[in-house]
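Chain by chain, the residues run as shown.
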Amino acid sequence: MSGETGPTSVAPPPGEIEPGSGVRIVVEYCEPCGFEATYLELASAVKEQYPGIEIESRLGGTGAFEIEINGQLVFSKLENGGFPYEKDLIEAIRRASNGEPLEKITNSRPPCVIL
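Residues numbered from 1 in each chain as written. Predicted model: local features only at pLDDT ≥ 70, side-chain atom pairs only at ≥ 80, totals over all residues. Heavy atoms only, no water.

Asks: Can you help me understand the state of the cysteines in this one?
Replies: Two cysteines whose sulfur atoms are joined by a covalent bond form what is called a disulfide. Taken as a whole and judged by the stated rule, the model has 1 disulfide. Bridging Cys 30 to Cys 33, the disulfide has an S-S length of 2.2 Å. Between Cys 30 and Cys 33 the sulfur-sulfur dihedral comes to about 70°; the bridge is accordingly right-handed. Overall, Cys 33 belongs to the partly exposed group, its relative accessible area being 31%. (Disulfide = S-S within 2.5 Å. Buried < 20%, exposed > 50% of the residue type's maximum accessible area, 1.4 Å probe, protein only.)

Written as structure tokens, this is what we have:
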């Protein structure tokens, strides 16, 4: 036995930047509207893809689910009427990580409707 152990963390090797590092997301959502679960689901998916990302949540006004990346509003439920698709947010984060210009996400999944 050499006494060496295998890697125990998922941190990148020294000198490598963790995916999503330097990208900051702020999600403002309406808690009384029941949007916290949607925020937590989205935050979990983002952290899975980009473990180095910084995600902050804030309580917002009625009907709000607004997402900023590095201070730029990239999604607004108040404007779109629905919630963002995870793939669209992941793509926006990829662009931000690469220093590419961000575009507003206009595609949204419809909110739940109870009949």
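Asks: Teacher, can you tell me more about the sheet that holds strand E2 (residues 54-59) here?
Replies: Within a sheet, adjacent strands bond to each other through the backbone by hydrogen bonds, running parallel or antiparallel. Ordered in space as E2-E1-E3-E4, the 4 strands form an open sheet in which the pairing is mixed. The open sheet has two edge strands with one neighbour each: E2 and strand E4 (72-76). Along the sheet, successive strands turn relative to each other by an average axial angle of 20°, direction set aside. In terms of strand pairing, strand E1 (residues 24-29) meets strand E3 (residues 65-69) through 5 bridges, oriented antiparallel. Its bridge partner being in E3, Tyr 29 is matched across the sheet by Phe 65. Running at roughly 170° to E2, helix H1 (residues 36-49) makes contact with E1, E2 and E3 of the sheet. Sheet strands touched by helix H3 (residues 86-97): E1 and E3. Its angle to E3, the strand with the most contacts, is close to 20°. (Pairing = 2+ DSSP bridges. Helix = DSSP H or I, 4+ residues; strand = E, 2+ residues; numbered from the N terminus. Axes fitted to C-alpha atoms, helices over the stretch in contact; angles between N-to-C directions. Contact = heavy atoms within 4.5 Å.)

Asks: Teacher, can you tell me more about the confidence of the model for the protein here?
Replies: Close reading of the predicted structure is inappropriate where its pLDDT is low. Chain-level statistics for the protein give a pLDDT mean of 84 and a share of 78% at 70 or above. In this model residues 1-16 is a low-confidence stretch, pLDDT under 50, and it forms 2 contacts with partners more than four residues away in sequence or in other chains. (pLDDT = per-residue confidence, 0-100.)

Asks: How should H3 be read in this particular structure?
Replies: Side chains that are three or four residues apart share a direction in an α-helix, a result of its 3.6 residues per turn. Here H3 is 12 residues long and its end C-alpha atoms lie 16 Å apart, about the 16 Å a rise of 1.5 Å per residue gives. Taken residue by residue, H3 has Asp 88, Leu 89, Ile 90, Ala 92, Ile 93, Arg 95 and Ala 96 as its buried positions. Packed against the buried residues of H3 are E1, H1 and E3. Just downstream of H3, Gly 99 is the residue with a positive phi angle, here 75°. (Expected span 1.5 Å × (residues − 1).)

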